[in-house]
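# An overview of the molecular structure
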Amino acid sequence: MTTPDAPPIRVLLVDDDALVRAGLRLILRGAPDIEVLPDDPADGAAGVQAARTQRPDVILMDIRMPGTDGIEATRTIVAQGDSPQVIVLTTFDSDDLIVQALRAGASGFLLKDTPPERLVDAVRAVVAGDPILSPSVTRQLVEKVTGAPPSGYAAARDRLAALTQRELEVAELVGHGLSNADIARRLYMSVPTVKAHVSRVLTKLDADNRVQVAILVHDARQD
């Protein structure tokens, strides 16, 4: 949770189902450190415009919407720079779409039937720079979709070669879904030092978020 003096986390809801938006709004309004923005976009194009004008910290983005879908909207929003964290919402019936969204720059995903407390925790987590996927879910999702050796194996190895040994160790642990605190304990470092390493890893790998690092690490492990 944010400190008492910190501004609230500004959240934008983008979903074509009015009942889903109403339910999410009701859940998030119960958290004292979260502000749900007044815009209520029902498609990706409107979501992109609202992201520009409302400047949210986090967007909860449906994947499947008419017109501009959540994947393309996420890609456009992330490409604008200084972008909000995007969490895609899904019914988990199409793993390939989820990975496309993560590659487009989403910070993670949630099922639409996620318990209220988990939803609130996820919003706080992405703002804090921590992944919202558990290690088991990260592995299952990435490996299910990229089970065969990817054509980008060599390219992934080349990109990881730009990292120092310590940065590579951090990237590997990010790839296993560990939080900054978990990595700090594993590598006997302080959390601020881990955050600095993660920041450098993201910059060197030209990755928008930790999930993209996880996918890249997985790709590079394929033999």
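Scroll up to find the structure this text is about.
Fair warning: this is a prediction, and the values are worked out from it, not measured in the lab.

A word on the sheet that holds strand β1 (residues 9-14). If you trace the 5 strands from one edge of the open sheet to the other, you get β2-β1-β3-β4-β5, paired in parallel fashion. Unpaired on one side and paired on the other, β2 (34-36) and β5 (108-111) mark the two borders of the sheet. Within this sheet the neighbouring strands show an average axis-to-axis angle of 30 degrees, counted without direction. As defined by bridge partners, β1 adjoins β2 across 3 bridges and the pair is classed as parallel. In the strand pairing of β2, R10 is matched with E35.

Moving on, we get to the packing of helix α8 (residues 165-175) against helix α11 (residues 210-221). Two numbers describe how α8 lies on α11: the axes approach to 8 Å, and their chain directions differ by 100 degrees. When the axis of α8 is compared with that of α11, the two are roughly perpendicular. Residues A171, E172, V174 and G175 of α8 form the contact with α11, whose own contacting residues are R210, V213, A214, V217 and R221. Tallied by class, the residues present in the contact of α8 with α11 amount to 5 nonpolar, 1 polar and 3 charged.

Checked against the element boundaries, R21 lands in helix α1 (residues 18-29). Apart from residues no more than four positions distant in its own chain, R21 is found in contact with L13, D15, D16, D40, P41 and A42.

Attention now moves to the layout of surface pockets. What the second largest pocket holds in volume is close to 160 Å³. Lining the second largest pocket are R103, R159, L205, D206, A207, Q212, I215, L216 and D219. Looking at which element gives the most residues to the lining of the second largest pocket, the answer is α11, with 4 residues. Of the residues in the lining of the second largest pocket, the class split is 4 nonpolar, 1 polar and 4 charged.

Glancing now at α11. An α-helical turn contains 3.6 residues, so a residue and the one three or four places further along point in the same direction. With 12 residues, α11 extends 17 Å between its outermost C-alpha atoms, agreeing within 8% with the 16 Å of an ideal straight helix rising 1.5 Å per residue. Judged by how many residues are buried, α11 sits mostly within the fold: 11 of 12 residues are covered. For α11, the complete set of buried residues consists of R210, V211, Q212, V213, A214, I215, L216, V217, H218, D219 and A220.

So, on to the nonpolar core. One finds L12, V14, I59, M61, I77, V86 and V88 to be the most contacted residues of the largest nonpolar core, which totals 23 residues. For this core, the elements supplying multiple residues, two or more each, are β1, α2 (44-54), β3 (58-62), α3 (70-79), β4 (85-90), α4 (95-103) and α11. Residues within four places of V14 in sequence aside, it is in contact with P41, D43, G47, I59, L60, M61, D62 and M65. Formed by 21 residues, the second largest nonpolar core is a distinct cluster that contains L173, I183, L205 and A220.

Turning to α3, a few remarks are in order. Of the residues making up α3, those classed as buried are G70, I71, A73, T74, I77 and V78. For α3, the angular spread of buried residues about the axis comes to 165 degrees, placing them on one side. You can read the cap of α3 off the contacts: a side-chain oxygen lies 3.2 Å from the backbone nitrogen of I71, and it is on D69. Just beyond α3, the residue with positive phi is G81, at close to 80 degrees.

One pass over the full model with this rule turns up 10 salt bridges. The salt bridge involving E169 is made with R166; its shortest N-O contact spans 2.8 Å. On the criterion of helical spacing, the pair formed by E169 and R166 is a turn pair, its members being 3 residues apart in helix α8. You can call E169 partly exposed: its relative accessible area is 28%. With relative accessibility at 33%, the residue R166 sits in the partly exposed group. Measuring nitrogen to oxygen at the nearest pair gives 3.4 Å for the salt bridge that ties R200 to E167. In this pair, R200 is assigned in helix α10 (residues 191-205) and E167 in helix α8, connecting sequence segments 33 residues apart. Accessibility expressed as a relative area gives 37% for R200, which makes it partly exposed. E167 sits in the buried class, given a relative accessible area of 3%. Several salt bridges converge on common partners, so that one network encompasses R21, R25 and D40.

Quick notes on the rules
- Residues numbered from 1 in each chain as written.
- Predicted model: local features only at pLDDT ≥ 70, side-chain atom pairs only at ≥ 80, totals over all residues.
- Heavy atoms only, no water.
- Pairing = 2+ DSSP bridges.
- Helix = DSSP H or I, 4+ residues; strand = E, 2+ residues; numbered from the N terminus.
- Axes fitted to C-alpha atoms, helices over the stretch in contact; angles between N-to-C directions.
- Parallel < 35°, antiparallel > 145°, perpendicular 65-115°, else oblique.
- Contact = heavy atoms within 4.5 Å.
- Nonpolar A, V, L, I, M, F, W, Y, C, P; charged D, E, K, R; others polar.
- 1 Å grid on protein atoms, 1.4 Å probe; cavity = no way out; pocket = protein on both sides within 12 Å on 5 of 7 lines; lining within 4 Å.
- Points joined across faces, edges and corners; volume = space filled by probe spheres on them.
- Expected span 1.5 Å × (residues − 1).
- Buried < 20%, exposed > 50% of the residue type's maximum accessible area, 1.4 Å probe, protein only.
- Core = buried A, V, L, I, M, F, W, Y, C linked by side-chain atoms within 4.5 Å.
- Arc of directions from axis to C-beta.
- Polar contact = N/O pair within 3.5 Å; in protein donor to acceptor, adjacent residues only side chain to side chain.
- Salt bridge = Lys/Arg side-chain N within 4 Å of Asp/Glu carboxyl O.

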